[in-house]
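Descriptive analysis of the structure
Single-letter residue listing:
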Amino acid sequence: MPALTGRLLSGRAPRVLGLMSGTSADGIDAALLELPGWPALGEGGGDLPDLTGAAPRGRVLAHTFTPFPPDLRAAVLRAGQNEGTPAELTQLHWALGEAFAQAAAPLAGDADLVASHGQTVQHHPRPEAARGWTRPATLQLGEAAVMAARTGKPVVADFRPADLAAGGVGAPLVPFADWALLAEAGINRALHNLGGVSNLTFLPGADPAGVLAFDTGPANCLLDEVAALAGQTHDEGGALALAGTVHEVTLAAWLAHPELAAPPPKATGREVWTLSQLPRPASLSLPDLAATAVALTARTVGDAYRRWVLPRGLDEVVVAGGGARNPALLAALRAELPVPLRTFADLGWTDHGFTDATREAAAFAFLGYAHAQGWPNTLPHTTGAAQAVSAGKWTPAPLTPGAPS
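In this report, the structure presented in the accompanying data block is examined. (Residues numbered from 1 in each chain as written. Predicted model: local features only at pLDDT ≥ 70, side-chain atom pairs only at ≥ 80, totals over all residues. Heavy atoms only, no water.)

**Quick notes on the sheet that holds strand E7 (residues 188-194)**
The condition that has to hold: Strands are labelled as partners when DSSP assigns at least two bridges between them. Secondary structure elements follow DSSP: runs of H or I of four or more residues count as helices, runs of E of two or more count as strands, with numbering from the N terminus.
Strand order in the open sheet formed by five strands is E9-E8-E7-E10-E11, and the pairing between neighbours is mixed. Because the sheet does not close on itself, it has two edges, and the strands there are strand E9 (212-218) and strand E11 (341-342).

**Remarks on the packing of aromatic side chains**
For clarity, the cut-off: Pairs were defined over the aromatic rings of Phe, Tyr and Trp, the Trp ring being its six-membered one, requiring ring centres within 6.5 Å. Orientation was assigned from the angle between planes: stacked under 30 degrees, edge-to-face over 60, tilted for the rest. Relative accessible area decides the class of each residue, using a 1.4 Å probe on protein chains only: under 20% of the type maximum gives buried, over 50% gives exposed, and in between gives partly exposed.
This model, assessed by the stated rule, comprises nine aromatic pairs. Arranged with centres 5.1 Å apart and planes meeting at 75°, the rings of Phe159 and Phe364 form a pair that is edge-to-face. Taken together, the positions of Phe159 in the loop between strand E6 (155-156) and helix H4 (161-165) and Phe364 in helix H12 (residues 359-373) put the pair 205 residues apart, joining distant regions of the chain. Residue Phe364 is classed as buried on the basis of its relative accessible area, which comes to 0%. Among the aromatic residues, those joined into a cluster by ring pairs are Trp38, Phe176, Trp179, Phe366, Tyr369 and Trp375.

**Brief notes about helix H6 (residues 220-229)**
Each full turn of the α-helix corresponds to 3.6 residues, which orients residues three or four apart in the same direction. So the rule is basically this: Residue contacts follow a heavy-atom distance rule, with two residues in contact if any of their heavy atoms lie within 4.5 Å.
Counting buried residues in H6 gives eight out of 10 residues, a clear majority hidden from the surface. Those residues of H6 that sit buried are Asn220, Cys221, Leu222, Leu223, Asp224, Glu225, Val226 and Ala227. Among the structural elements, helix H1 (70-80), E7, E9, helix H7 (239-242), helix H10 (286-309) and helix H11 (327-336) are those in contact with the buried residues of H6. Downstream of H6 by one or two residues, Gly231 has phi in the positive range, about 80°.

**Observations regarding the nonpolar core**
The cut-off we apply is this: We define a nonpolar core as any set of buried Ala, Val, Leu, Ile, Met, Phe, Trp, Tyr and Cys residues linked to one another through side-chain atoms lying within 4.5 Å.
In terms of nonpolar packing, the biggest core is built from 45 residues, with Tyr305, Leu314, Val317 and Leu333 touching the most fellow members. If one sorts the elements of this core by residue count, H10 sits on top with 11 residues. Not counting the four nearest positions on each side in its chain, Val317 is found in contact with Ala190, His192, Tyr305, Leu337, Val339, Pro340, Leu341 and Arg342. Within the second largest apolar cluster, 43 residues are counted, among which are Met20, Val60, Trp349 and Leu367.

See the structure below:
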C-alpha cells in the first residue's frame, strides 16, 4: 500500500470520495467525506480511535448524482438478468469504470483517496442448484484501474469478493461505517436502506459486537420494473402504487418465497427479486401490481423487525435510500413498525451532509479510509464471515494506486 500522508494538505482533515451505484442501477452517487478529528491517512496507528460522542462523526462536504445514460443502464440491467456475452460484460466493466471516473471528476481533486463500491450485476451468496450456482460468487463491474488512471488518486474497490471467500454472504458491508459514524451510546437505532433491495443495520448503542445487519427482501427493484412497464424509470411520488389495490393472493404467493424465511446473515439482489421469477396473474393491472410490490416490501420489513430486531430492544428506525422518498412505501412501513420512523433530517444529520442520498456513498468512503489506515473495515459477524486475515483484521478491499500526479 503506498504511503498516503504526503497527499494531505497541511492541517486539513482527511477526505475520501465514496462512489456508490446500487441495485436500482439508476446512476452514481459521489460523496466527499471529511473526517475531522480522525487520523491522517497512513497515521492510523493500527487501532480504531475511541468511538464516543454524538453522531455523525464525519461530514459530507459535497455530493453529486450522475445518472446513467439509458443505454448504459439498459446494459447493467441486462447483466443483472443474466444476459450478455463475456465480451459484452468486459466492455461493460470498462465502460462503467469510465462512468465512475467521470462521476468522480468534479470532487476527486479535493480527495485524498477514492473508494468505489462498483455496480453489482450478480450476487450469489450461497450455492443454489436450481439456479446453477455451485459456489458463492459475486460480480461488481467498474474497473478500478480506469478510475485511478483518470483521477490520479489511489482507489479502493472490490469490497465484496473477499467477504464471500472468508465465508460471508458479501453483504451488507456498510454496517461497519454505520457503527463508526452513526452509532450513539444509549440509543438502540436501526438504519434502514430502501434501495433496490431493502436492508437494515441494527446499532445497539455503541457496541460493535451487537450490531446486526441483513437484507430483508426487495425495496425498489420490483417497483422499478413495474414503473418500466408503465414507461417510467421509477414510481415518482408513489403515484402508481397509490392508485392501485393490493392483490392479496399474489402477495401471499410472494411472501412464501424461501429467501424470506432464512435467518440472518443473508443477502439477495435482482437475480432473486425480479418479476420474471415471481408468480402473478397476467390480468393484474400495473397500479395493482405496484401496490402489491409496496405491500411485499412493507410486510417483509415488518416481519424482519418482529423476528430479529424488536426482541433486542429498538428505539427508532431511520430510513435512507430512494424508497425514503416514496410516500406510499413510507406509509406502509409506518403501519408495520411499532417504533418511530425517522429521516436523517429529523435527527439533524443533514446539517452534516448525511442524507438518504449520501449515506451509502459516505459509508464506502469510510470503508476505504479504514482500509488505507490498516484497520478492519467490516464487522465479520454481520455477514457470517468465518475467518479473518492477519491477527483478526480482515480488510477485503485491495488498493489500486492512482496515476502519479
